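# Tertiary structure, described
Listed below, chain by chain, are the residues.
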Amino acid sequence: MTIQNLGTPTIELRNVVKDFTAGGGFGSRDTFRALNNISLKLYKGRSLALVGESGCGKSTCARLITKVHSPSSGEILFKGQNIEELKGRKAMLDYRGKVQMVFQDPFGSLNPTHTIAHHLTRPLLIHNRVSNKSEIPAKLEELLNLVELPSEHLAKYPHQLSGGQRQRINLARAIAVGAEVILADEPTSMLDVSIRLGVLNLMQEMKEKMDIGFLYITHDLATAHYIAEETAVMYRGRIVEWGDTREILRNPTHPYTRLLISAVPDPDLPFANLIESEPNYSVSADKIRALSLQPSEKVIKVNSNHFALSWKEEAVA
Ligand SMILES: Nc1ncnc2c1ncn2[C@@H]1O[C@H](COP(=O)(O)OP(=O)(O)OP(=O)(O)O)[C@@H](O)[C@H]1O
């Protein structure tokens, strides 16, 4: 499917800027620009990977989408409607049900004193996902089935499950409230390497079978190709390269993306085969970071769905 005929995005960010203000001494106030002119689109049944190192602004994007913060300027649209216009308890409950977050620490978002059944029953009731309480047991079984866990887990407590199983419960909870979009913030980075792929595969299935759209937030470009058709590479509050994930991996164009790829430690990763030329980037990482900071609004079109912000080439040479 080409990007042109995907319909209205479920979530769209248009030229979003986020400034944080910190109180300085003697009443002065410092402003820090965490997001600088961010535009992106998330479609149902597709994934967008938001990739970048710590502090680049990935989680701030998610916090703006979930209305924890408001943008300083720019717009965030849900199915074409500016989310700033969502007012009232019902509209907010509806939006919060449809736009769900899954966090890095699968234990942190579960209450150790409650069973898995309790964790899944509450959202079903709060978001009116069952018309009668008698429907709950079947619904709980269905949810566990969807995330490929045996129904015996319903009676267990979070500490009795593995990290991967707990993350599956968090995904089940998002399904329980009727999520159309899941903002998954480093969802596998605290899991053992051996079970990461299983969770990514489950997200892939949720995307394909339930038409859920994912914003997959990660510092690890190597995992983006598992579930994300598209990728946006962020550096210090800006998206420096974006478009088709395989195109970006095959032909990384912005020096910062090349730096990220050259930092992937494992040459045996399947995605390493996607890079046609060895990204033997001999310039220093500090130099690339410095040049990536130089403001540029000029966009290089690499192909129909692959773009990069321009940079001063002589600064890399
Ligand atoms: N509420 C806040 N007040 C002030 N600064 C903030 C606030 N939230 C985030 N920041 C700053 O904005 C920048 C981006 O933070 P953010 O958490 O979005 O980064 P990130 O890419 O998600 O990093 P990580 O992968 O470490 O979570 C950081 O420099 C952070 O210190």
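As the structure is a computational prediction, the values presented were derived from the model and not from experiment.

Cut-off values and rules
Residues numbered from 1 in each chain as written. Predicted model: local features only at pLDDT ≥ 70, side-chain atom pairs only at ≥ 80, totals over all residues. Heavy atoms only, no water. Axes fitted to C-alpha atoms, helices over the stretch in contact; angles between N-to-C directions. Helix = DSSP H or I, 4+ residues; strand = E, 2+ residues; numbered from the N terminus. Parallel < 35°, antiparallel > 145°, perpendicular 65-115°, else oblique. Left-handed = near helix turned anticlockwise from the far one by under 90°. Contact = heavy atoms within 4.5 Å. Nonpolar A, V, L, I, M, F, W, Y, C, P; charged D, E, K, R; others polar. Near = heavy atom within 4 Å. Polar contact = N/O pair within 3.5 Å; in protein donor to acceptor, adjacent residues only side chain to side chain. Areas by Shrake-Rupley, 256 points an atom, 1.4 Å probe, with all protein chains shown as cover. Buried < 20%, exposed > 50% of the residue type's maximum accessible area, 1.4 Å probe, protein only. Pairing = 2+ DSSP bridges. Salt bridge = Lys/Arg side-chain N within 4 Å of Asp/Glu carboxyl O.

### Points about the packing of helix 3 (residues 116–126) against helix 4 (residues 136–146)
Two elements in contact, helix 3 and helix 4, have axes separated by 10 Å at closest approach and are oriented at 115 degrees. On the basis of their axis angle, the class for helix 3 and helix 4 is roughly perpendicular. Here helix 3 runs over helix 4; the crossing is right-handed. The segment helix 3 lies against helix 4, with Ala117, Leu120, Thr121, Leu124 and Leu125 engaging Ile136, Lys139, Leu140, Leu143 and Leu144. For the contact of helix 3 with helix 4, the residue count by class is 8 nonpolar, 1 polar and 1 charged.

### Digging into the site of the ligand
Residues in close proximity to the ligand include Phe20, Phe32, Ala34, Glu53, Ser54, Gly55, Cys56, Gly57, Lys58, Ser59, Thr60 and Arg63, which together make up its full environment. Cys56 places a main-chain nitrogen or oxygen 3.0 Å from an oxygen atom of the ligand. In this structure, an oxygen atom belonging to the ligand sits 3.0 Å away from a main-chain N or O atom of Gly57. Coverage of the ligand by the protein chains reaches 62% of its 630 Å² of free accessible surface. The leading source of residues in the shell around the ligand is helix 1 (residues 58–65), at 4 residues.

### A few points about the pairing of strand 3 (residues 47–51)
Counting buried residues along strand 3, 5 of its 5 residues qualify, which places the element largely inside the surrounding structure. Direction of pairing for strand 3 relative to strand 8 (residues 213–218): parallel, over a ladder of 5 bridges. Within strand 8, the residue paired with Ala49 across the bridge is Tyr216. When strand 3 meets strand 9 (residues 230–235), the two strands line up parallel, connected through 4 bridges. Residue pairing for strand 9: Leu50 is matched across the bridge by Ala232.

### A closer look at unusual backbone geometry
Here Asn15, not a glycine, exhibits a phi torsion of approximately 50 degrees, which is positive. Positionally, Asn15 belongs in strand 1 (residues 11–23). Here Glu186, not a glycine, exhibits a phi torsion of approximately 50 degrees, which is positive. Summarising the element assignment, Glu186 is placed in the loop between strand 7 (181–185) and helix 6 (193–210). Classification of Glu186 by relative accessible area gives buried; the value is 11%.

### Focus: the pattern of salt bridges
Where charged atoms from two side chains of opposite charge approach closely, those side chains can pair. Scanning all chains against the criterion turns up 9 salt bridges. A salt bridge links Lys98 to Asp94, with the shortest nitrogen-to-oxygen separation between them at 3.4 Å. Pair noted here: Lys98 and Asp94 are both in helix 2 (residues 89–98), with a separation of 4 residues, about one helical turn. Residue classification places Asp94 among the partly exposed positions, given a relative accessible area of 37%. Note that Glu205 is salt-bridged to Lys209, the shortest N-O span being 3.3 Å. Linking Glu205 with Lys209, this pair stays in helix 6, spanning 4 residues, or about one helical turn. Using a relative accessible area of 29% as the deciding quantity, one classes Glu205 as partly exposed. According to the relative accessible area criterion, Lys209 is exposed, its value standing at 67%. One salt-bridge network, held together by shared partners, links Glu12, Arg14 and Glu75.

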